[in-house]
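This is what each chain is made of:
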Amino acid sequence: MQITVYNPQKGRLETIDAEFTKDNTTWFSNCRNTHDVSMITDIDGDILIREFDYSYPFMIYGVSRSDIDFDRRKAKQLRRRYE
């Protein structure tokens, strides 16, 4: 499926092809605040971080879910580095 993401390395929105499966995605169901990380997905050696709101997911190069230990807190810290 095609999805629009924010690419902070390029400073723009772009459309990518992504599949969200149990093998490449970790979902977090206990979201309370709009900036809580609700999902992290591996896509071709990069990571896609989605927050619990209507903003575009962030695509960050060269990082995988295993690099951040599948951890929601580490994903949020990584996302904040690119604001």
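Here the residue numbers are simple positions, counted from 1 along each chain's written sequence. In view of the model being predicted, local features appear only for residues whose pLDDT reaches at least 70, and side-chain atom pairs are presented and counted only at 80 or more, with totals across whole chains, interfaces and linings using the full set of residues. Excluded from the side-chain calculation are hydrogens and water; included are all heavy atoms of the structure.

1. Quick look at the side chain of Asp36
Here a helix means four or more residues in a row that DSSP labels H or I, a strand means two or more in a row labelled E, and each is numbered from the N terminus. Checked against the element boundaries, Asp36 lands in the loop between β3 (25-27) and β4 (37-43). Contacts described as polar in this section are N or O atom pairs within 3.5 Å, which, within protein, must combine one atom able to donate a hydrogen with one able to accept it, while residues neighboring in sequence count only if both atoms come from side chains. Only 2.8 Å separates the side chain of Asp36 from the backbone nitrogen of Arg32, close enough to count as a polar contact. Only heavy atoms enter the contact rule, under which two residues are in contact if any of them lie within 4.5 Å. Not counting chain neighbours up to four residues away, the residues in contact with Asp36 comprise Cys31, Arg50, Glu51, Phe52, Arg72 and Lys76.

2. Here's the deal with the environment of Thr34
If you trace the backbone, Thr34 turns up in the loop between β3 and β4. Sequence separation between Thr34 and Asp46 is 12 residues; the distance between their C-alpha atoms is 23 Å. Among all residues touching Thr34, those that are not within four sequence positions of it are Glu51, Phe52 and Asp53.

3. Topic: the environment of Ala75
Tracing the backbone shows Ala75 in helix α1 (residues 72-81). Distance in space between the C-alpha atoms of Ala75 and Asp53 is 15 Å, their sequence separation being 22 residues. Leave out the neighbours within four places in its chain, and Ala75 touches Val37, Ile40, Ile49 and Ile68.

4. Observations regarding the packing of aromatic side chains
Aromatic rings from Phe, Tyr and Trp, with only the six-membered ring used for Trp, were paired whenever their centres fell within 6.5 Å, and each pair was classed as stacked if the ring planes differed by under 30 degrees, edge-to-face if by over 60, and tilted otherwise. Under the counting rule described, the total for this entry stands at 1 aromatic pair. Judged by centre distance (5.1 Å) and plane angle (55°), the rings of Tyr6 and Phe58 are tilted. Here Tyr6, found in strand β1 (residues 2-7), pairs with Phe58, found in strand β6 (residues 58-60); they are 52 residues apart in sequence, far enough to count as distant. The buried label applies to any residue whose accessible area, calculated with a 1.4 Å probe on protein chains only, is under 20% of its type's maximum; exposed applies above 50%, and partly exposed to all values in between. Residue classification places Tyr6 among the partly exposed residues on the basis of a relative accessible area of 25%. You can call Phe58 buried: its relative accessible area is 7%.

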